[in-house]
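# Topology and contacts: notes
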Amino acid sequence: MSTVAAETQPKKGNKTQHVYDYVMERIVDGTFAAGESLNIGILAEETGVSLIPTREALRRLESEGLIEFLFHRGVRVRDLGIDEYREIMQVEAVLEGLAVGMSVGRLTTEDLDRARAVNARMNDAYRAGDFHGYNEGSLEFHGILRAPCPNHHLRDQLDRDPLHAPDHELTHGDLVLLGVGRRAADDPQQVASAGGEL
């Protein structure tokens, strides 16, 4: 096993998320540049994950518009412009806002206390430039707030695509991407203004 793989071993049961974070971080910081080819086998080796969860993570990134699978030519990073990313965030913001709006009357005091605690961790991660910590917090934060949503089709759609937490993104929430669209949505006060005191 390579040194990189040893240093980035995923937690048990979280292999796809581990590869997703690994690739996303490198897209955000420019290590994987627009147009660059990605080798699935090498990514699997670097992350210490098998090919199946590695491919699943890349398919998730593809669904978010960040990479693309090319017929008989492998995978490459998409040249995603700021305007296109902003449009993606706008769609996700509407879906996430709808889900949380439908959940407001069903959220308990305990739910809101948990959301506040997660938000505090996210703020710490954001200030520290910790992409992984922020992203995990963002997913948990939005998951708490939309969990009571009675529309299971909407909830399932958002759960399938964690970037639908306007974020995601990333985030999202996420260094460069964070500055575009996620940060405002990762704020419990937005929920308070939508439907009651936090």
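What counts and how
Residues numbered from 1 in each chain as written. Predicted model: local features only at pLDDT ≥ 70, side-chain atom pairs only at ≥ 80, totals over all residues. Heavy atoms only, no water. Pairing = 2+ DSSP bridges. Helix = DSSP H or I, 4+ residues; strand = E, 2+ residues; numbered from the N terminus. Axes fitted to C-alpha atoms, helices over the stretch in contact; angles between N-to-C directions. Parallel < 35°, antiparallel > 145°, perpendicular 65-115°, else oblique. Left-handed = near helix turned anticlockwise from the far one by under 90°. Contact = heavy atoms within 4.5 Å. Nonpolar A, V, L, I, M, F, W, Y, C, P; charged D, E, K, R; others polar. Salt bridge = Lys/Arg side-chain N within 4 Å of Asp/Glu carboxyl O. Buried < 20%, exposed > 50% of the residue type's maximum accessible area, 1.4 Å probe, protein only. pLDDT = per-residue confidence, 0-100.

Judged by pairing direction, the sheet is antiparallel, and its three strands sit side by side in the order β1-β3-β2 without closing on themselves. The open sheet has two edge strands with one neighbour each: β1 (37–38) and β2 (67–70). Bridge analysis of β1 against strand β3 (residues 74–77) gives two bridges, and the strand direction is antiparallel. Bridge pairing links L38 to V75 in β3.

Here helix α2 (residues 15–28) crosses helix α7 (residues 131–146) at 125°, and the two axes come no closer than 10 Å. Between α2 and α7, the angle is such that the two are oblique. The crossing of α2 and α7 is right-handed. Between α2 and α7, the contacting residues are Q17, Y20, D21, M24, E25 and V28 on the first element and F131, H132, N135 and L139 on the second. Taken together, the residues of the contact of α2 with α7 break down into five nonpolar, three polar and two charged.

This part is about the pairing of β2. Strand residues, when the strand is regular, have side chains that alternate between the two faces of the sheet. Pairing geometry for β2 and β3, over four bridges, is antiparallel. Paired with F69 across the strands is V75, a residue of β3. Between the end of β2 and the start of β3, which pair antiparallel, lie three residues, with H72 showing a positive phi angle near 60°.

Looking now at the pattern of salt bridges. Close approach of charged atoms lets side chains of opposite charge pair. In total, this model carries seven salt bridges according to the counting rule given. For the salt bridge of R146 with E96, the shortest nitrogen-to-oxygen distance reads 3.0 Å. Of this pair, R146 sits in helix α7 while E96 is found in helix α5 (residues 82–103), placing the two residues 50 residues apart along the sequence. The exposure classification of R146 matches that of E96, with both residues buried.

Next up on the list: the confidence of the model for the protein. Looking at the protein, the pLDDT average stands at 77 and 74% of residues meet or exceed 70. Contacts from residues 164–185, a stretch scored under 50 in pLDDT, to residues over four places away or in other chains number 100 contacts. Per-residue pLDDT stays below 50 along residues 191–198; that stretch engages in 11 contacts with residues further than four places along the chain or on separate chains.

Here we take up the packing of helix α6 (residues 109–128) against α7. Describing two packed helices takes the angle between their axes plus the distance from one axis to the other. At a minimum axis separation of 9 Å, α6 and α7 run at an interaxial angle of 160°. Taken together, the axis directions place α6 and α7 in an arrangement best described as roughly antiparallel. Of the two possible hands of crossing, α6 and α7 adopt the one that is left-handed. Residues D111, L112, R114, A115, V118, N119, R121, M122, A125 and Y126 of α6 form the contact with α7, whose participating residues are G133, Y134, G137, S138, E140, F141, I144 and L145.

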